[in-house]
Amino acid sequence: MAPVTQSSFVSLDDFEIHAYARLDRNALDYYRSGAQDMITVRENQRAFDRIVVRPRVLRDVSTIDMQTTVQGQPISSPICIAPTAMQRMAHPEGECATARASVRKDTCMVLSSWSTASIEDVAASTPNSHAPKWLQLYIYKDREATKRLIERAQDSGYTAIALTVDTPFLGRRLADIRNRFQLPPHLTMANFSDQGKAQVGKADAASAADNASGLAAYVASQIDPTLSWKHVQWVKSVARIPVLVKGILTAEDARLAVDAGVDGIIVSNHGGRQIDTAPATIDVLEEVCRAVAGRVEVYLDGGVRRGTDVFKALALGASAVFLGRPVLWALSYNGEDGVVEMLDMINEELRLTMALAGCVNISDISRDHVRMLAQPRL
């Protein structure tokens with residue numbers, strides 16, 4: 001497929017088409033791949049098509065206000081940036097470019113703990129910024145290393161921890177297995193000085209026999225699969241900032257998360273990269289919100305590609321949405337400016353959707369504005 005030119009970019013899909021033509025196979029397959037047959041990857045987007053908007057008319061929509069808050073911090077719109085690892089495979093300035101774009105758009109960015117720019121360097125790239133930055137966290141077998149990540153984030157001005165809870169092991173990602181995925185030699189996991197944690201190389205012999213990628217071997221060696229809800233409470237005891245859990249897909253786990261004292265929930269299936277045939281996030285959002293019953297804020301990532309998708313998520317109870325792959329595609333296209341351009345595009349789509357649906361601010365968007373169609377079986 002021929003890459004689109006800058007003048008013809010009219011949707012988030014155009015950034016993806018451009019990235020497919022630009023990125024090398026190792027990076028592209030890592031970013032785009034999902035678990036197994038990638039059914040959940042596709043469902044994340046398709047599920048939005050099974051929700052229809054119920055517009056209200058004659059509402060005076062001459063002025064639209066999209067401002068809102070996340071964890072009490074103001075942002076310009078409910079469209080935020082999800083944590084995606086190893087962004088310098090997409091652009092030399094990687095996470096620092098994304099952070100500057102988030103500041104220009106006055107929105108929240110979540111930095112992956114597997115970033116190719118350090119916690120401190122990303123913070124330094126956006127001095128005197130009031131736009132919220134959160135750190136996504138895995139719990140390592142090395143608890144002191146995990147604790148240091150939390151402390152470094154707090155010392156660098158990050159305002160929340162997003163604890164990923166759906167990755168005791170890495171999902172089986174066929175493209176990464178075929179490619180024997182490894183981080184390019186000029187890059188490292190920049191938050192670690194220990195080479196065992198900083199390098200993602202070829203799978204060792206045992207892992208290779210099991211057809212594992214280098215990242216699967218890394219997770220198996222470093223990330224703790226014994227985790228339970230008591231470890232969420234441990235993170236809470238270490239952190240002086242809000243702690244959210246990322247990777248909740250059921251009402252049962254949502255209630256346990258609230259009982260564990262979390263400050264927020266991110267409804268996420270890891271971009272369809274963990275267990276294939278898990279539900280699309282938008283399909284379970286309302287279930288989670290009902291279970292939480294307003295006790296903590298609920299956010300969503302996965303499959304958001306249109307302003308109408310954002311509107312539907314807000315109508316079903318999300319306080320904000322987080323974009324993952326679209327940020328990578330935009331970053332590969334034109335760095336910081338590419339991410340800004342992409343965010344401008346989807347924000348304008350949301351603004352138009354709100355106007356055509358008769359909503360002048362975020363609080364106007366309600367459950368009455370959407371209707372669920374019958375859901376097919378996976």
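Now for a description of the structure that goes with this document.

Rules of the game
- Residues numbered from 1 in each chain as written.
- Predicted model: local features only at pLDDT ≥ 70, side-chain atom pairs only at ≥ 80, totals over all residues.
- Heavy atoms only, no water.
- Helix = DSSP H or I, 4+ residues; strand = E, 2+ residues; numbered from the N terminus.
- Expected span 1.5 Å × (residues − 1).
- Bend = angle between axes of the 7 residues up to and from the residue.
- Buried < 20%, exposed > 50% of the residue type's maximum accessible area, 1.4 Å probe, protein only.
- Phe/Tyr/Trp six-rings, centres within 6.5 Å; stacked < 30°, edge-to-face > 60°.
- Lys NZ or Arg CZ within 6 Å of the ring centre and 35° of its normal.
- 1 Å grid on protein atoms, 1.4 Å probe; cavity = no way out; pocket = protein on both sides within 12 Å on 5 of 7 lines; lining within 4 Å.
- Points joined across faces, edges and corners; volume = space filled by probe spheres on them.
- Nonpolar A, V, L, I, M, F, W, Y, C, P; charged D, E, K, R; others polar.

Focus on helix α15 (residues 325-357)
- Helix length check: α15 (33 residues) gives 27 Å between terminal C-alpha atoms against 48 Å at 1.5 Å per residue, more than 12% under.
- At N334, α15 shows its maximal bend, which comes to roughly 135°.
- Burial of α15 is extensive: 25 of the 33 residues sit out of reach of the surface.
- G358 sits one or two positions beyond α15 and adopts a positive phi of about 85°.

Topic: the packing of aromatic side chains
- As enumerated under the stated definition, the model contains 14 aromatic pairs in all.
- With a centroid separation of 5.7 Å and 85° between ring planes, the pair formed by W114 and Y218 is classed as edge-to-face. Within this pair, whereas W114 is found in the loop between β5 (109-111) and α5 (119-124), its partner Y218 is found in helix α10 (residues 214-222), the two being separated by 104 residues in sequence. The pair W114 / Y218 is uniform in exposure class, with both members buried.
- Taken together through their ring pairs, the aromatic side chains of Y20, Y30, Y31, F181 and W329 make up a single cluster.
- The ring of Y20 has R32 sitting right over it, with the charged end atom 5.0 Å from the ring centre.
- Sitting over the ring of W234, R143 keeps its end group 5.9 Å from the ring centre.

Digging into the layout of surface pockets
- Its boundaries defined by the atoms lining it, the largest pocket holds a volume of some 620 Å³.
- Surrounding the largest pocket, 37 residues form its lining, T84, H270, G271, R273 and R325 being those nearest its centre.
- At the level of secondary structure, the elements contributing two or more residues to the lining of the largest pocket comprise α1 (12-22), α2 (25-32), α3 (39-49), β11 (320-323) and α15.
- In terms of residue count, the dominant contributor to the lining of the largest pocket is α15 (four residues).
- Across the lining of the largest pocket, the residue classes break down as 18 nonpolar, 11 polar and eight charged.
- Approximately 420 Å³ is the volume attributed to the second largest pocket.
- Mapped onto the lining of the second largest pocket, the elements with two or more residues apiece are β7 (160-164), α11 (229-238) and β8 (243-248).
- The leading source of residues in the lining of the second largest pocket is α11, at three residues.
- Tallied by class, the residues present in the lining of the second largest pocket amount to 14 nonpolar, nine polar and three charged.

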